[in-house]
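Notes for the structure review
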Amino acid sequence: MPLTYCLNVHPGETWSDNFATLRTTLLSVRDLVAKGSPFGLGLRLSAAAAATLDHPAHLAELSDFLHSENLYVFTVNAFPYGRFHGGPVKENVYAPDWRSPQRRDYTNQVATILAALIPEGATGSISTVPCSWKPWIQSPADLDSILDHLTECIAHCARIAAEQGREILLALEPEPGCLLETTPETIDFFNLFPQSPVIRHHLGVCLDTCHTALQFEDPAESLRLYESAGIRVPKIQISSALRTANSPAALDALRPFAEPVYLHQVKARTPAGEILSWTDLPQALANLPATPAEEVRIHFHVPLHFTRSGPLTSTASLLTADFLTNISRDPLMHLEIETYTWDVLPPSLRSTSIEKSIAAEFRWLQDHTRSLFLEANSNSSS
């Protein structure tokens, strides 16, 4: 299956920034991971970068570079519209949301760019915001606008398929605190659309394993539920969340992760199975001591190979053989390692270069998958 890492880990809001990263850091990662082999890219394009790249000369320059370096593009992260590094982002990462024609127009432009970069007969995927930040939805009219703009984007992707023979699939990415948080919420939302094969063909889900872990969901079961509902999952982001117990030592260990750039939603589960929620880590740190919560999960993407730092662990263990077997059944599914929080990790977790850390994530995923399947084969033969 196509496997890459998301280039949103690298700062850069303009196309010149992005292209400079491709010519330097990306090539270093490629050489560590797959030197001498074709290497797929998961681009991240802001609205400003997309507006620049959507020009014949810039697309030709990029295509020539990809060809010369044995690279290919198969997916784009079109989630953050604007700035994503270097200053406070928080819930602004969802703006403009799918209520806005700006979000539709930006995503249409990204679809046009992606279609120009993939070969005829190929499939590209675009991950996008899960409609909106939930508190922003105030009326049925908001929901109607979301459905209308998504439908118009789907129509654009369908025209590309009909005219160019290239499939562009849009993938909504459920995330804590958003209109689409859980798997059942997402399925209910898809059922608001009219029963149209075109919609179900071009619109699906980007399943982020950090986000499913935050919801205390089993990603393998989520895949089964989407399949039963007739919803495509064209893209999976392989990622890990922070995980710990609700103890004074654990909460102290979490304090360095309460940083000002990104939103770090927190979910905690009580012995009775109740899920408690906080919008950001500072609020959770203030309130958790007074709750009966036992396990705490934090929306802070940590490297896949991160195992433990004192009382802190990760949700990487939820990438089970069951989950990996499910995704291996679809050779066209796009897989993308996503650890965009590199720049805001505590220094103790950034003891190597970003290139070596990304390469270590690839190795961890490959070794983890191999180990699980060897164990499964050994158990079945005995």
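**Topic: the pairing of strand 9 (residues 266-269)**
For a regular strand, the rule is simple: side chains alternate between the two faces of the sheet. In terms of strand pairing, strand 9 meets strand 10 (residues 275-278) through four bridges, oriented antiparallel. Within strand 10, the position partnered with Ala-268 by the bridge is Leu-276. Here strand 9 folds back onto strand 10 in antiparallel fashion, the turn holding five residues, of which Gly-273 has a positive phi close to 90 degrees. Direction of pairing for strand 9 relative to strand 11 (residues 295-302): antiparallel, over a ladder of four bridges. Residue pairing across strands places Arg-269 opposite Glu-295, the latter belonging to strand 11.

**As for the sheet that holds strand 6 (residues 203-208)**
Ordered in space as 1-13-7-6-5-4-3-2, the eight strands form an open sheet in which the pairing is parallel. The open sheet has two edge strands with one neighbour each: strand 1 (3-5) and strand 2 (39-44). Neighbour to neighbour, the strand axes of the sheet diverge by 30 degrees on average, direction disregarded. Strand direction decides the pairing type here: strand 1 and strand 13 (residues 334-337), joined by three bridges, are parallel. If you follow Tyr-5 over to strand 13, its bridge partner there is Ile-337. The sheet contacts of helix 1 (residues 15-34) involve strand 1, strand 2 and strand 3 (71-77), and relative to strand 2 the element is tilted by about 145 degrees.

**Looking at the packing of helix 6 (residues 183-190) against helix 9 (residues 219-228)**
At their nearest, the axes of helix 6 and helix 9 sit 10 Å apart, and the two run at 15 degrees to each other. The orientation of helix 6 with respect to helix 9, classified from their angle, is roughly parallel. Of the two elements, helix 6 crosses helix 9, and the hand of that crossing is right-handed. Facing Thr-183, Thr-186 and Ile-187 of helix 6, the residues of helix 9 in contact are Ser-222, Leu-225 and Tyr-226. Across the contact of helix 6 with helix 9, the residue classes tally to three nonpolar, three polar and no charged.

Thresholds applied
- Residues numbered from 1 in each chain as written.
- Predicted model: local features only at pLDDT ≥ 70, side-chain atom pairs only at ≥ 80, totals over all residues.
- Heavy atoms only, no water.
- Pairing = 2+ DSSP bridges.
- Helix = DSSP H or I, 4+ residues; strand = E, 2+ residues; numbered from the N terminus.
- Axes fitted to C-alpha atoms, helices over the stretch in contact; angles between N-to-C directions.
- Contact = heavy atoms within 4.5 Å.
- Parallel < 35°, antiparallel > 145°, perpendicular 65-115°, else oblique.
- Left-handed = near helix turned anticlockwise from the far one by under 90°.
- Nonpolar A, V, L, I, M, F, W, Y, C, P; charged D, E, K, R; others polar.

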